[in-house]
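Per-entry structural report
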Amino acid sequence: MKSRWNDGDAARYVEAARAAGQSEALGLRIYTSRIIGGDPDLVLHGGGNTSVKVTSAGGETLMHIKGSGWDLDTIEAPGLPAVRLVPLLETRDGPKLSDPDMVSLLRASLIEADAPNPSVEALLHAFLPFAFVDHTHATAILALADQPDMRETVRHIYGDRLAYVPYVMPGFDLSIVADRIYREHPGCQGLWLENHGLFTFADDARLSYELMIEFVTMAESELARKGVALSGPQLSDGTEDMALRARLEKALVREGSPFAKGAFLDYRSTAAIREHAAKDNVEAISLRGTVTPDHVIRIKPWPLIIEPDADEAAIEAALAAYADRYRVYFARNATRSSEPKQMLDVYPRVVLVRGQGIYALGASNKAAKIGGDLCEQATRAINAAEAYGRFTPIGEADLFDMEYWSLEQAKLKVNAH
Ligand SMILES: [Zn+2]
């Protein structure tokens, strides 16, 4: 992976920040957030987050952290709201915060009351004692992070430069665990998040960003060492069966369906998607889960799989089987939760046509396109993970906790506007 850093561009962002009465550091933060967001092999659609710590005119330490509802590739200063750092640091040695309490604390720490909600990872950013913190779900990292146990391999690849964080659900618990692991590994330059992604940090904007690029490149080299070629984003070049699309639309647009008012179908057939969809065990692989936890809120835990010649009856039967599986999944996991959960709809967000391609489904064109982009990246990560070893994402219980996490559901609602 190549660094997109450009001195001239960086200087322009610094100048623009100065002209707007903002700190130079915020200008650089906007710049490197955008070059991270501009690479679909680092983050996609609201995935990943960035922050920068600055000192206010009054001498107080503030942190600008990505706000909910913003994408890194188009972020502007209002998408990086400032919070006071001290109240956030106090939670490190305090009692466990519930989700609503954490959100209240973050909102109460905002400098501007009408700012968007700070990222659910704000505490983790706050605890890391560096000005710049960058977090991505890079494709090459996911191909390796979604393996059975990578602790030894990560150590072999990165030595002391990365500390290994076992999977913990994002939010308060991950912040506490990651902070403890960081402190046990002083001098590390980043955190490897099992089944999730990567953090890098530094006091310099360019260094934190270029550490990310370097570590992703090292993951690409590890894949290559085992003969696994990870292609970049691919264009859809397969032929779509328009009659199949019509049959799918007919089955989806109906009373009681989330697509009752219209189904948007984003069809993708790239070389990687066809390779994935043609695997004998594509159903077993698909049932393992999503490549990174937050994908589950947009594309559900698994796709619906149909044959290319599926007629109306076959599509109906597949949808019914999917709904049954989803109800069982909900019932099995909802009982573990201390708070009551309400089941979401039982329709898929991805339909995989065996051997041919993938339809991402949405109630809006935007939602369908986002799903299609996630699938484009996910299939490349899954193919690489299977070629390297065995694609092994978070298990069903963790997937459920993420899908039914109130904070993630709230994020989806913000994005729906
Ligand atoms: Zn993440």
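Let us look at the coordination of the zinc ion. Note on the zinc ion: its protein donors are His 135 (NE2), His 137 (NE2) and His 196 (NE2). The metal-donor distances range over 2.1 Å. Written as a sequence motif, the donor arrangement for the zinc ion is H-x1-H-x58-H. Pair noted here: His 137 is in the loop between strand S4 (132-136) and helix H6 (139-145) and His 196 is in the loop between strand S6 (190-193) and strand S7 (197-202), with a separation of 59 residues, a long-range link. By relative accessible area, His 196 is classed as buried at 5%.

Our next topic: the pairing of strand S8 (residues 264-268). With 4 of its 5 residues buried, S8 lies for the most part within the structure. Where S8 meets strand S11 (residues 357-362), 5 bridges bridge the pair, whose relative direction is antiparallel. Bridge pairing links Leu 265 to Leu 361 in S11.

Attention now moves to the domain arrangement of the chain. According to the domain assignment, the chain consists of domain 1 (7-225) and domain 2 (242-416). The distance between the C-alpha centroids of domain 1 and domain 2 comes to 28 Å. Across the contact, 31 residues belong to domain 1 and 30 residues belong to domain 2. In total, about 2,500 Å² of surface goes out of reach between domain 1 and domain 2, with carbon and sulfur atoms giving 61% of it. Together, His 45, Asp 146 and Met 169 form the three largest contributors to the area buried by domain 1 at its contact with domain 2, with a combined 22%. Counting across the interface, domain 1 meets domain 2 through 1 salt bridge. Among the salt bridges present, the one from Asp 41 reaches Arg 380, with a minimum N-O distance of 3.0 Å. Here domain 1 is connected to domain 2 by 11 residue pairs in polar contact (both at pLDDT 80 or more).

A few words on the sheet that holds strand S9 (residues 304-306). In spatial order, the strands read S8-S11-S10-S9; together these 4 strands make up an open sheet with mixed pairing. What marks the edges here is a single partner per strand, and that holds for S8 and S9. Pairwise comparison of adjacent strand axes, ignoring direction, gives a mean angle of 25 degrees for this sheet. Where S9 meets strand S10 (residues 350-353), 3 bridges bridge the pair, whose relative direction is parallel. Pairing of Ile 306 across the sheet is with Val 353, part of S10.

What counts as what
Residues numbered from 1 in each chain as written. Predicted model: local features only at pLDDT ≥ 70, side-chain atom pairs only at ≥ 80, totals over all residues. Heavy atoms only, no water. Donors = N, O, S within 2.8 Å, 3.2 Å for Na, K, Ca; no water. Helix = DSSP H or I, 4+ residues; strand = E, 2+ residues; numbered from the N terminus. Buried < 20%, exposed > 50% of the residue type's maximum accessible area, 1.4 Å probe, protein only. Pairing = 2+ DSSP bridges. Domains from an automatic or database assignment. Contact = heavy atoms within 4.5 Å. Buried area = accessible area lost by both parts, 1.4 Å probe. Salt bridge = Lys/Arg side-chain N within 4 Å of Asp/Glu carboxyl O. Polar contact = N/O pair within 3.5 Å; in protein donor to acceptor, adjacent residues only side chain to side chain. Axes fitted to C-alpha atoms, helices over the stretch in contact; angles between N-to-C directions.

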